[in-house]
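# Observations on the three-dimensional arrangement
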Amino acid sequence: MVKVSIVIPARNEAANIDALLDEIAAACTPVADHEVIVVDDGSDDATSQAVQARMANHDNLRLIRHDRSAGQSAAVHSGVLAAKAGIVCTLDGDGQNPPAELPKLFLPLLADGAEAIGIVAGQRVGRQDTLSKKLASRFANGLRSWMLRDGTRDTGCGLKAFRRDAFLRLPFFNHMHRYLPALFARDGWQVAHVDVSHRPRGAGRSNYNNLQRGLVGAVDLFGVMWLDRKSVV
């Protein structure tokens, strides 16, 4: 029985995906039966071909393809819908989230007496990003934490583990992946946090810039505040 489904949203990550999948296998195979679902979000490089080339020799590896890019939250949602396990982990496809951290996220959810925990959210330490990106993220996380009171230092971290059924009951919207702790808390779940390491991108470049993140983040933040207040009312 598959205990953990690992979902990787990926767009134009052909140069990173093989090494990432190797590291996931090394980190998770000794710990829990798992599957890996790569969601190719409209790549125009060889991301899908790289995954397909491995699938013949890895029966726990699956591929989902979006015909065009729908965004990271949509890619995560597609992967969770396809997941076989009750516990789902996510990590970014660019290699900046070390797969060795995955057991720290999913093991607390598999432990006895953990039924009240809905999500374990990774929080990056020692971030390996440009100064502008780190400053923009620090401002956005500070504003979000102040407005939502979600007790989370770093919601932009791609390393998360959560209960599949609880996730699928959340309201879906674009960029919801950045607000999962607040959304889980809104539904009455306990939220746990673990510090995780971070590393430079292996190859390629980010699919988003600071201005894009800032513009969509402002709209989403007020939307999540409205959802939170609606649940209280």
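The rules behind these values
Residues numbered from 1 in each chain as written. Predicted model: local features only at pLDDT ≥ 70, side-chain atom pairs only at ≥ 80, totals over all residues. Heavy atoms only, no water. Helix = DSSP H or I, 4+ residues; strand = E, 2+ residues; numbered from the N terminus. Contact = heavy atoms within 4.5 Å. Areas by Shrake-Rupley, 256 points an atom, 1.4 Å probe, with all protein chains shown as cover. Pairing = 2+ DSSP bridges. Axes fitted to C-alpha atoms, helices over the stretch in contact; angles between N-to-C directions. Core = buried A, V, L, I, M, F, W, Y, C linked by side-chain atoms within 4.5 Å. Buried < 20%, exposed > 50% of the residue type's maximum accessible area, 1.4 Å probe, protein only. Salt bridge = Lys/Arg side-chain N within 4 Å of Asp/Glu carboxyl O. Patch = residues over 30% accessible without salt bridge, like charges linked within 9 Å, V, L, I, M, F, W, Y side chains within 5 Å. Phe/Tyr/Trp six-rings, centres within 6.5 Å; stacked < 30°, edge-to-face > 60°. Polar contact = N/O pair within 3.5 Å; in protein donor to acceptor, adjacent residues only side chain to side chain.

### Digging into the overall build of the protein chain
- Counting secondary structure elements, the protein chain contains eight helices and seven strands.
- Counting only contacts in the protein chain whose residues sit at least 6 apart along the sequence, the fraction spanning at least 24 positions is 77%.
- Total accessible area on the protein chain stands at roughly 11200 Å², and carbon and sulfur atoms take up 55% of it.

### A short note on the sheet that holds strand β1 (residues 4–10)
- Read from one edge of the open sheet, seven strands run β3-β2-β1-β4-β6-β5-β7, paired in mixed fashion. Lying at the two open borders of the sheet, with one neighbouring strand each, are β3 (61–66) and β7 (190–196). Adjacent strand axes in the sheet meet at a mean angle of 20 degrees when their direction is disregarded.
- Strand direction decides the pairing type here: strand β4 (residues 87–90) and strand β6 (residues 160–163), joined by four bridges, are antiparallel.

### Notes on the nonpolar core
- Formed by 32 residues in total, the largest nonpolar core has its most connected members in Ile 6, Ile 8, Ile 24, Val 38, Leu 102 and Phe 106.
- A per-element tally of this core places helix α1 (residues 14–28) first, with six residues.
- Those residues within four positions of Ile 8 in sequence are excluded, and the remaining contacts are Ile 17, Leu 20, Leu 21, Ile 24, Val 36, Ile 37, Val 38, Val 39, Leu 91, Asp 92 and Gly 93.
- Within the second largest apolar cluster, 19 residues are counted, among which are Val 7, Tyr 179, Leu 183 and Phe 184.

### What to know about the pattern of salt bridges
- In total, this model carries six salt bridges according to the counting rule given.
- When the shortest N-O distance is used, the salt bridge between Asp 22 and Arg 54 registers 2.9 Å. Here Asp 22, found in helix α1, pairs with Arg 54, found in helix α2 (residues 47–55); they are 32 residues apart in sequence, far enough to count as distant.
- The class for Asp 22 is partly exposed, based on a relative accessible area of 45%.
- Of the charged contacts, one joins Lys 104 and Glu 101 as a salt bridge, the two residues approaching to 3.0 Å between their closest N and O atoms.

### Quick notes on a nonpolar patch on the surface
- Together, Val 31, Leu 107 and Leu 110 line one region of the surface with nonpolar side chains, adding up to about 210 Å² of accessible area.
- Inspection of the secondary structure puts Leu 110 in helix α4 (residues 102–110).

### Re the packing of aromatic side chains
- In total, this model carries two aromatic pairs according to the counting rule given.
- Ring centres of Phe 162 and Phe 167 lie 4.8 Å apart, and the angle between their planes is 15 degrees; on these two criteria the pair is classed as stacked. The residues Phe 162 and Phe 167 share a single accessibility class, namely buried.
- Here the aromatic rings of Phe 162 and Phe 184 are separated by 6.1 Å at their centres, their planes lie at 40 degrees, and the arrangement is tilted. Here the residue Phe 162 occupies a position in strand β6, and Phe 184 occupies one in helix α7 (residues 180–186), the gap between them amounting to 22 residues. Take Phe 162 and Phe 184: they sit in the same class, and that class is buried.

### A short note on the environment of Leu 183
- The residue Leu 183 is located in helix α7 in this model.
- Given a relative accessible area of 1%, Leu 183 falls into the buried group.

### What to know about the side chain of Asp 94
- Tracing the sequence through the fold places Asp 94 in the loop between β4 and α4.
- Residue classification places Asp 94 among the buried residues on the basis of a relative accessible area of 11%.
- There is a polar contact of 3.0 Å between the side chain of Asp 94 and the backbone nitrogen of Gln 96.
- Among all residues touching Asp 94, those that are not within four sequence positions of it are Glu 13, Asn 16, Arg 201 and Gly 202.

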